[in-house]
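Per-entry structural report
Each chain, letter by letter, is given below.
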Amino acid sequence: MIIHNHFDVNSKGHLTIGGTDAVELAKEFGTPAYILDENVIRENCRTYLRAAREHFGADALPLYASKALCFTGIYKIAAEEGLGVDCVSGGELYVAKRAGFPADKIYFHGNNKTDRDIADALDMGVGTFVVDNCDELEALSEAATRRGITQRILLRITPGIDPHTHRAIMTGNVDSKFGSAIVTGQAMDIVKRAIAADGIELAGLHCHIGSQIFDIEPFSDAAAIMVRFIAQIKAECGYEIKELNLGGGLGVRYTEYDRDIDYAEAVKDIATVVKNLCAEGGVKLPKIILEPGRSLVAAAGATLYTVGGVKEIPGFKNYISVDGGMPDNPRYALYQSQYTALIANRANEPRDYRATLAGRCCESGDLLGENMEIQKAKRGDILAVLVTGAYNYSMASNYNKLPRPPVIMLKDGVARVAVKRESYEDLVANDVI
Ligand SMILES: *Cc1c(COP(=O)(O)O)cnc(C)c1O
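What comes next is a walk through the structure. In this text, all values refer to a predicted model and were calculated from it rather than measured experimentally.

Another aspect to go through is the overall build of the protein. Looking only at helices and strands, the protein has 12 helices and 21 strands in total. The C-alpha radius of gyration computed for the protein amounts to 23 Å, which stays within 12% of the reference 22 Å derived for 433 residues, consistent with globular compactness. For the protein, long-range pairs separated by at least 24 residues make up 68% of all intrachain contacts whose partners lie at least 6 apart in sequence. Accessible area for the protein stands at about 18,700 Å²; split by element, carbon and sulfur atoms hold 49% of it. Side-chain charges of the protein comprise 47 positive and 57 negative groups, with the mean position of each set lying 2 Å from the other.

This is the structure we're talking about:
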């Protein structure tokens, strides 16, 4: 096992992903390539669904936050596993629809839904809008009224928790482009407007406090604030909030320095706190929605590259260059995200070499990691970066006109192309002159 159970080493000393030889995969599909172990994704979906129903009640629903990894096939998996999905743009809604995802289980997020987004979502019959602000509420109310329908919504609320500095820093995330803050009174204001708005059914509230969070406390603190707010709405408006969406953000083990989270246990712990809070506050337990993104898909993924060369600069760094980089994984360039990398064709050798992994773009910041522990590499080696299932393909670009890699899905030892490798023709498909 390397970081997660589905990454291992076979008798040839090759990395295996879900039991399949990564070197063989690189030979068959070329590099760079995203590999996904479908069994891991399905298992994670089942864990969340089972735990949510067991600890929050039969109506609880985990949504897959599909911005983490978005392509047609992933919505089919979410649908088959009984999850809802969270979409944040007209594009994500389009892909969900194309996959035949049931519209009533779609939650439509985003802090700036355009008129076209709103119209498209209403046309599709999207079950729930998560309304960010008063301007959107007004636009949606008008559009729904014009169609003679009543649109179910949640309101995005900013509880004022900064999960990374933590201990309910009451001003922390109030300064956010998302949602309406409780402490400023804007949350209560939008609640009152939503209750009164034509064409709108206010079903509940939503909050999302951040990402890659390993502790339960920030979630419990946010839940406490939300439950108190629900009680306040009841007292002030005589209105019962029936649904509470607690967002996503549970962390993922990217390196051996990260803890591995038992998601079923985490859901159970959050449920215990929420149920106690509701009992204490005299609030009927609302329907609970969870919104995991990365924790459903990140660990399932690995990216395979071919090493082009090694440069050792005396007194400075060792660089290993690969045939991808920030266009397929911008996360190190964006936020210095840490990963585990290894040479897939010599995965049994110790990772006793220190290197910076460089991409192939004309950009000094085009790195996949610095000071990484890896095997000594040479041109032609297959290099794997593990745990790339989330926010890699979905954030990929064509910088330097690099075609996006394919997404290869593994299921029970069979590898299938889920998304084709882009061709050079794809790169100019929209060029008109
Ligand atoms: C990004 C996001 C999520 C998922 O976050 P993860 O850290 O990937 O679990 C859930 N809900 C909202 C509103 C988000 O923006």
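With that settled, consider the layout of surface pockets. Sizing a probe to match a water molecule and rolling it over the atoms shows the empty space that remains. The space that makes up the largest pocket amounts to roughly 920 Å³. As for the largest pocket, its lining consists of 45 residues, of which Lys67, Phe178, His208, Gly210 and Ser211 are closest to the centre. The set of elements that each furnish at least two residues to the lining of the largest pocket consists of β9 (151-158), α10 (294-297) and α11 (331-335). Across the lining of the largest pocket, the residue classes tally to 15 nonpolar, 20 polar and 10 charged. In this structure, the second largest pocket spans a volume of roughly 380 Å³. Broken down by element, the lining of the second largest pocket gets its largest block of residues, 4 residues, from helix α2 (residues 38-56). Split into classes, the residues belonging to the lining of the second largest pocket amount to 8 nonpolar, 6 polar and 5 charged.

Residues Leu15, Leu205 and Leu383 are the most contacted members of the largest nonpolar core, which totals 135 residues. For this core, the element with the highest residue contribution is helix α8 (residues 217-237), accounting for 10 residues. If we skip the residues at most four places from it in the chain, Leu15 touches Ile2, Phe7, Asp8, Thr20, Asp21, Ala22, Leu342, Ala344, Ala347, Ala384 and Leu386. Core analysis: the second largest hydrophobic core is formed by 7 residues, Tyr107, Val130, Leu154 and Ile289 among them.

Another point: the site of the ligand. With respect to spatial proximity, 15 residues lie near the ligand, and among them Lys67, Ser211, Glu291, Arg294 and Tyr391 are the closest. Here an oxygen atom of the ligand and a backbone polar atom of Gly249 are 2.9 Å apart. Taken by itself the ligand offers 390 Å² of open surface, and the protein chains cover 93% of this. Of the residues that constitute the shell around the ligand, the class distribution is 3 nonpolar, 7 polar and 5 charged.

This brings us to the pattern of salt bridges. On inspection of all chains with the given rule, the structure shows 22 salt bridges. The closest approach of N and O atoms between Glu80 and Arg42, which form a salt bridge, is 2.7 Å. Taken as a pair, Glu80 in helix α3 (residues 72-80) and Arg42 in helix α2 lie far apart in primary sequence, 38 residues in all. The residue Arg346 makes a salt bridge to Asp381 at a minimum N-O spacing of 2.4 Å. Taken as a pair, Arg346 in the loop between β16 (341-343) and β17 (353-358) and Asp381 in the loop between β18 (367-374) and β19 (382-386) lie far apart in primary sequence, 35 residues in all.

The next thing to look at is the packing of aromatic side chains. Counting across every chain of the model gives 6 aromatic pairs. Between Tyr75 and Phe101, the aromatic rings sit 6.5 Å apart at their centres with planes inclined by 70 degrees, giving edge-to-face as the arrangement. In this pair, Tyr75 sits in helix α3 while Phe101 sits in the loop between α4 (90-98) and β7 (106-108), placing the two residues 26 residues apart along the sequence. Judged by centre distance (5.5 Å) and plane angle (90 degrees), the rings of Tyr254 and Tyr339 are edge-to-face. With Tyr254 in the loop between β12 (243-245) and α9 (263-281) and Tyr339 in the loop between α11 and β16, this pair connects stretches of sequence that are 85 residues apart. Among the aromatic residues, those joined into a ring-pair cluster are Tyr34, Phe71 and Tyr393. The ring of Phe108 has Lys113 lying over it, and the distance from NZ or CZ to the ring centre is 5.5 Å.

Our next topic: helix α1 (residues 22-29). Turning to α1, its buried residues are Ala22, Val23, Leu25, Ala26 and Phe29. The arc that holds the buried residues of α1, viewed along the axis, is 160 degrees, so those residues lie on one side. Projecting away from the buried face of α1 at angles above 90 degrees are the exposed residues Lys27 and Glu28. The N-terminus of α1 is capped by Asp21, whose side-chain oxygen sits 2.8 Å from the backbone nitrogen of Val23. Directly after α1, the chain includes Gly30, whose backbone phi takes a positive value near 80 degrees.

Our next topic: the pairing of strand β6 (residues 84-87). Judged by which residues are buried, β6 turns out to be covered on both faces: Gly84 and Asp86 on one side and Val85 and Cys87 on the other are all buried. Strand direction decides the pairing type here: strand β5 (residues 61-65) and β6, joined by 3 bridges, are parallel. Residue pairing in the sheet places Tyr64 in a bridge with Val85 of β6. Taking the sense of rotation as the criterion, the β-α-β connection linking β5, α3 and β6 turns out right-handed. Summarising the sheet, β6 and β7 pair through 3 bridges and their orientation is parallel.

Rules used throughout
Residues numbered from 1 in each chain as written. Predicted model: local features only at pLDDT ≥ 70, side-chain atom pairs only at ≥ 80, totals over all residues. Heavy atoms only, no water. Helix = DSSP H or I, 4+ residues; strand = E, 2+ residues; numbered from the N terminus. Rg over C-alpha atoms; globule rule 2.2 N^0.38 Å. Contact = heavy atoms within 4.5 Å. Areas by Shrake-Rupley, 256 points an atom, 1.4 Å probe, with all protein chains shown as cover. Lys, Arg positive; Asp, Glu negative; His and termini not counted. Charge placed at Lys NZ, Arg CZ, Asp CG, Glu CD. 1 Å grid on protein atoms, 1.4 Å probe; cavity = no way out; pocket = protein on both sides within 12 Å on 5 of 7 lines; lining within 4 Å. Points joined across faces, edges and corners; volume = space filled by probe spheres on them. Nonpolar A, V, L, I, M, F, W, Y, C, P; charged D, E, K, R; others polar. Core = buried A, V, L, I, M, F, W, Y, C linked by side-chain atoms within 4.5 Å. Buried < 20%, exposed > 50% of the residue type's maximum accessible area, 1.4 Å probe, protein only. Near = heavy atom within 4 Å. Polar contact = N/O pair within 3.5 Å; in protein donor to acceptor, adjacent residues only side chain to side chain. Salt bridge = Lys/Arg side-chain N within 4 Å of Asp/Glu carboxyl O. Phe/Tyr/Trp six-rings, centres within 6.5 Å; stacked < 30°, edge-to-face > 60°. Lys NZ or Arg CZ within 6 Å of the ring centre and 35° of its normal. Arc of directions from axis to C-beta. Pairing = 2+ DSSP bridges. Right-handed = clockwise from strand over helix to strand, strands pointing away.

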